[in-house]
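# Fold and geometry: a report
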Amino acid sequence: MSMKRHMIIGLLVGTFIMFAACSKELPENVNAENELSVEIEDGTAESTSEEDKESETNNAADDTEGITETEQAVTLSDMEKLMQIPWEEVKKSPVYDYSGEWNSSVYKLAELPVQDISMFGYADSDGFASGVAIAHKGNVSYFDWLYTSVHGAMPDLYWDEADKQLQVCLHPSTGTGYSVDELHILKEDASMRLEDFCFGVNEYASILTNRVEYTVMEENDKQLIQFMDAEEEKELAVIDVTQYLLGNDGEAVGIKNVFMADMVSFTLGEEIRIAFIPGFLPEGGYVLFDDMPVFQAPVIFDADGNFTIGEILVVQ
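Residues numbered from 1 in each chain as written. Predicted model: local features only at pLDDT ≥ 70, side-chain atom pairs only at ≥ 80, totals over all residues. Heavy atoms only, no water.

## Focus: the nonpolar core
Core analysis: the biggest nonpolar cluster contains 42 residues, and Tyr-204, Phe-227 and Phe-266 have the highest contact counts within it. Considering every element that reaches this core, the biggest residue donor is strand S18 (residues 295-301), with 4 residues. In contact with Phe-266, other than residues within four places in its own chain, are Cys-169, Asp-181, Glu-182, Leu-183, Phe-199, Tyr-204, Ile-272, Arg-273, Ile-274 and Val-299. With 23 residues, the next largest nonpolar core counts Tyr-96, Leu-112, Val-132 and Phe-143 among its residues. (Core = buried A, V, L, I, M, F, W, Y, C linked by side-chain atoms within 4.5 Å. Buried < 20%, exposed > 50% of the residue type's maximum accessible area, 1.4 Å probe, protein only. Helix = DSSP H or I, 4+ residues; strand = E, 2+ residues; numbered from the N terminus. Contact = heavy atoms within 4.5 Å.)

Set out below in structure tokens:
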């Protein structure tokens, strides 16, 4: 089976679900890196400062004054709910079995046993899966992430020992017409805590759309789409889409738009790679990916925490 068909049929089967963006507004007690880290002590997650703990308790009391218990539960984010569960209980959480049933409030999502890294996620009874805890070298870091879709594709992890970074690939949206991954690089700081840098759909859609230009052409009664690398000024592919542009009356229709970031996946490792399949929208139709090329490029993450991509190649 070709790589393109594998990506479309195997990895990306399902229906569309929108997901939380990297820029999602954070609760007040979470820092600007979209995380909160605490040390593991005596089997529970404890604040590293007694003064901070007392301050948080007082603030919580002030914030919840006059709020009923039910109302208070509703206002808590999934990450905050996860933080309230004793760490000893979290560690006993089951691995998700892909049954479609969410029978536990917490699941083990992924782990790297050699590096002693484990990842857990909160899940409510409806299977809305957000709120993540990552245990790493005696610390637990919490992240306000939507970590999977209704199809239950669990995150992928890779530890980059050379750069002391944890790579995380989330699959928050998987469908036949829209399937996008979300990449997180967690950098280990001097205190062994993890700082989050996100390469989400808003960021890479902008890069891909500006980098890959397309032209719709007619040649010898054929309708063609030409793809160009605008940065390298080179042709990437020319695809014949004539058979997909016939209306109900048998007459040819035009192409309204071509989308670069509706089918995107990441491969983790010593070199992170992004793969994407363009989709084209015929007039009066829906987005199609048939016969489209699979583009691939290395993901470049610089010392300042910025993402870009390298040379784009056609792999299928």
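## A short note on the pattern of salt bridges
The final tally for this structure, using the stated rule, is 9 salt bridges. Linking Glu-231 and Arg-211 is a salt bridge whose minimum nitrogen-to-oxygen distance equals 4.0 Å. Taken together, the residues span a long stretch of sequence, with Glu-231 in the loop between strand S12 (222-229) and strand S13 (234-240) and Arg-211 in helix H6 (residues 201-211) at a distance of 20 residues. Ionic pairing is found between Lys-234 and Glu-311, a salt bridge with its closest N-O pair at 3.2 Å. Of the two residues, Lys-234 is situated in strand S13 and Glu-311 in the loop between strand S19 (307-309) and strand S20 (313-314); the sequence distance between them amounts to 77 residues. (Salt bridge = Lys/Arg side-chain N within 4 Å of Asp/Glu carboxyl O.)

## Things to note about H6
Helical geometry note: an α-helix holds 3.6 residues per turn, so side chains three or four residues apart project in the same direction. Among the residues of H6, Val-201, Tyr-204, Leu-208 and Arg-211 are the ones counted as buried. One side of H6 carries all its buried residues, which in axial view fall inside an arc of 115°. Structural note: H6 exposes Asn-202 and Asn-210 on the side pointing more than 90 degrees away from its buried face. (Arc of directions from axis to C-beta.)

## Focus on the packing of aromatic side chains
Here the structure, examined in full by the defined rule, presents 11 aromatic pairs. Summarising the aromatic geometry, the rings of Phe-143 and Trp-145 are spaced 4.5 Å apart at their centres and angled 20° between planes, so their arrangement reads as stacked. Here Phe-143 matches Trp-145 in class, with each residue buried. Ring centres of Phe-199 and Phe-266 lie 6.0 Å apart, and the angle between their planes is 55°; on these two criteria the pair is classed as tilted. Taken together, the positions of Phe-199 in strand S10 (residues 194-199) and Phe-266 in strand S15 (residues 263-267) put the pair 67 residues apart, joining distant regions of the chain. For Phe-266, a relative accessible area of 7% gives the class buried. (Phe/Tyr/Trp six-rings, centres within 6.5 Å; stacked < 30°, edge-to-face > 60°.)

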